[in-house]
Amino acid sequence: MNDVIKTEHITNPKSLKELNEAYYLILLFDGTASFSIDFIEHTCNGKSLLFLSPYQLLQWNAHNPPVVDLLRFHGDFYCIEYHKEEVACNGILFNNIYERPFISVPEVIFQEITAAFYKIKAMENSSQHADLSIMRSYLQLILALSSKEKQIIMAENRVAGHGKNSLASFQNLLEQHFISSRSVSFYAAHYGLSVNAFSKQIKKQFSKTPSQLIQERLILESKRLLHLTFKSIKEIATELGFEDGFYFSRFFKKETGVPPKTFREKVGISIAAK
């Protein structure tokens, strides 16, 4: 069967240093887990799902990480941009630098998603030719259930943060200026704060420094342009404000582990770009 979708039961996920490469990942596990994604530390408890986009670096920190059920799929199998009207998971489960990349879910949702994992696994193991359309439907169910739970959590967080002295508008500010303004002092000045005070508040709210968020936003846009357009790497570098294609390639490789050319070759250009 074509390796565009695959499930795995992993008893020692710490031994797998590069799980995703060109794939989107959904990890299902129960228990306490400590890990980093792109060098940002996270801890979660209970029945959880973790979502990773292609070429994100996952490292388990605990000596005994939980047993994981892993589902990986390629964008050629299920394009999250093309199917955004059916399942709004892009920017919610995947490709969102402002939200935690995992959710904890109730028992009933966890069991329903686990069942969908096992049905996909059963089709993989079937001696008959796997029906990719049915497997795609199971994947879509997993994404839909997960997106609904994530949106509930995001709504609850917005309500909990309403009225507090926060820098929630920083997200909108960064979205407007991340290409033209990469200096933390620019954003700090907008709020009338010193760089140090501003950085502390942003770290408290987003669990990331302003510099990390600026770099992650640039990488996210780089990946978007590489995956969703036919623009050359030189054109993308210019659009993102880099001096030349070489400097852009060096920056991209430092953050993702691969040059932009390799990323485009492995991940491909989405059908949404056509």
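Residues numbered from 1 in each chain as written. Predicted model: local features only at pLDDT ≥ 70, side-chain atom pairs only at ≥ 80, totals over all residues. Heavy atoms only, no water.

Trainee: Explain the nonpolar core here, please?
Mentor: Note that soluble globular proteins tend to have their nonpolar side chains buried in a common cluster. Counting residues in each nonpolar core, the largest one holds 33 residues, and the members touching the most others are I5, I26, L71, F73, F94, L139 and L143. Those elements that place two or more of their residues in this core are strand 2 (24–30), strand 5 (47–52), strand 7 (68–73), helix 1 (107–125) and helix 2 (132–161). (Core = buried A, V, L, I, M, F, W, Y, C linked by side-chain atoms within 4.5 Å. Buried < 20%, exposed > 50% of the residue type's maximum accessible area, 1.4 Å probe, protein only. Helix = DSSP H or I, 4+ residues; strand = E, 2+ residues; numbered from the N terminus.)

Trainee: It is not clear to me how the environment of F178 should be interpreted in this structure. Could you clarify?
Mentor: With respect to the secondary-structure elements, F178 resides in the loop between helix 3 (170–177) and helix 4 (184–190). Residues F178 and E216 lie 38 residues apart in sequence; the distance between their C-alpha atoms is 9.9 Å.

Trainee: I tried to follow the sheet that holds strand 6 (residues 58–60) on my own but got confused; where do I start?
Mentor: Hydrogen bonding along the main chain pairs the strands of a sheet, whether they run parallel or antiparallel. Pairing is antiparallel in the open sheet, where three strands are placed in the order 4-3-6. Lying at the two open borders of the sheet, with one neighbouring strand each, are strand 4 (40–44) and strand 6. Neighbour-to-neighbour, the strand axes of this sheet turn through a mean angle of 30 degrees, independent of strand direction. Across three bridges, the pairing between strand 3 (residues 33–37) and strand 6 is antiparallel. Each bridged residue has a counterpart across the sheet, and for F35 the counterpart in strand 6 is W60. (Pairing = 2+ DSSP bridges. Axes fitted to C-alpha atoms, helices over the stretch in contact; angles between N-to-C directions.)

Trainee: Would you mind going over unusual backbone geometry with me for this structure?
Mentor: For residues other than glycine, phi is negative in most cases, and the peptide bonds are mostly trans. A positive phi is found at Y55, a non-glycine position, where the angle reads about 60 degrees. Mapped onto the secondary structure, Y55 falls in the loop between strand 5 and strand 6. Even without being a glycine, S207 presents a positive backbone phi close to 60 degrees. For S207, a relative accessible area of 44% gives the class partly exposed.

Trainee: Looking at this model, I keep getting lost on the packing of aromatic side chains. Mind explaining?
Mentor: The description of an aromatic ring pair rests on the distance of the ring centres and on the angle between the ring planes. In the structure shown here, the tally under the stated rule is 20 aromatic pairs. Considering the side-chain rings of F29 and W60, the 5.9 Å spacing of their centres and the 80 degrees angle between planes classify their relative orientation as edge-to-face. Separated by 31 residues along the polypeptide, F29 in strand 2 and W60 in strand 6 bring together distant segments of the chain. You'll find F29 and W60 in the same group, each marked buried. Ring geometry for F252 and F263: centres 5.6 Å apart, planes at 75 degrees, overall edge-to-face. (Phe/Tyr/Trp six-rings, centres within 6.5 Å; stacked < 30°, edge-to-face > 60°.)

Trainee: How should the packing of helix 3 against helix 6 (residues 210–228) be read in this particular structure?
Mentor: Helix-helix packing is characterised by the crossing angle of the two axes and by the distance between the axes. The contact between helix 3 and helix 6 brings their axes to 11 Å, and the two run at 50 degrees. Here helix 3 lies oblique to helix 6, going by the angle between them. Considering how the two elements wind past one another, helix 3 and helix 6 form a crossing that is right-handed. Judged by residue contacts, F170, L174 and E175 of helix 3 engage L213, I214 and R217 from helix 6. For the contact of helix 3 with helix 6, the class distribution of residues is four nonpolar, no polar and two charged. (Parallel < 35°, antiparallel > 145°, perpendicular 65-115°, else oblique. Left-handed = near helix turned anticlockwise from the far one by under 90°. Contact = heavy atoms within 4.5 Å. Nonpolar A, V, L, I, M, F, W, Y, C, P; charged D, E, K, R; others polar.)

Trainee: Is there a simple way to think about the pairing of strand 7 in this case?
Mentor: On a regular strand, each side chain points to the face opposite its neighbour's, so the side chains alternate between the two faces of the sheet. The buried fraction of strand 7 amounts to six of the six residues, a majority that puts the element mostly inside the structure. In strand 7, alternate side chains face the same way, and those of V68, L70 and R72 on one face and D69, L71 and F73 on the other are all buried. Both strand 1 (residues 5–10) and strand 7 contribute to a ladder of six bridges, which runs antiparallel. Bridged to H9 within strand 7 is D69.

Trainee: How do you make sense of helix 9 (residues 260–267) when you look at a structure like this?
Mentor: Counting along an α-helix, one turn takes 3.6 residues, and residues three or four places apart therefore face a common direction. Among the residues of helix 9, P260, F263, R264 and V267 are the ones counted as buried. Viewed end-on, helix 9 has its buried residues packed into an arc of 95 degrees, placing them on one side of the element. With respect to the buried face of helix 9, the exposed residues turned more than 90 degrees away are K261 and E265. If you follow the buried residues of helix 9, they end up packed against helix 6, helix 7 (233–239) and helix 8 (245–256). (Arc of directions from axis to C-beta.)

Trainee: Can you help me understand helix 6 in this one?
Mentor: Under the 1.5 Å per step criterion, the end-to-end length of helix 6 is 26 Å for 19 residues, consistent within 8% with the ideal 27 Å. Counting buried positions along helix 6 yields 14 of 19 residues, so the element is predominantly enclosed. (Expected span 1.5 Å × (residues − 1).)

Trainee: What am I meant to see in the pairing of strand 3 here?
Mentor: Burial analysis of strand 3 places four of its five residues in the buried class, the great majority of the element. Two elements, strand 3 and strand 4, share five bridges in a ladder whose sense is antiparallel. Considered in strand 4, the bridge of I37 is made with I40. In this antiparallel pair of consecutive strands, strand 3 and strand 4, the connection spans two residues, and D38 shows a positive phi of 50 degrees.

Trainee: Explain the environment of F110 here, please?
Mentor: Its place among the elements puts F110 in helix 1. Taking C-alpha positions, F110 is 9.9 Å from I142, a pair spaced 32 residues apart along the chain. Each residue touching F110, except ones within four places of it in the same chain, is listed here: L28, F29, D30, K47, S48 and V105.

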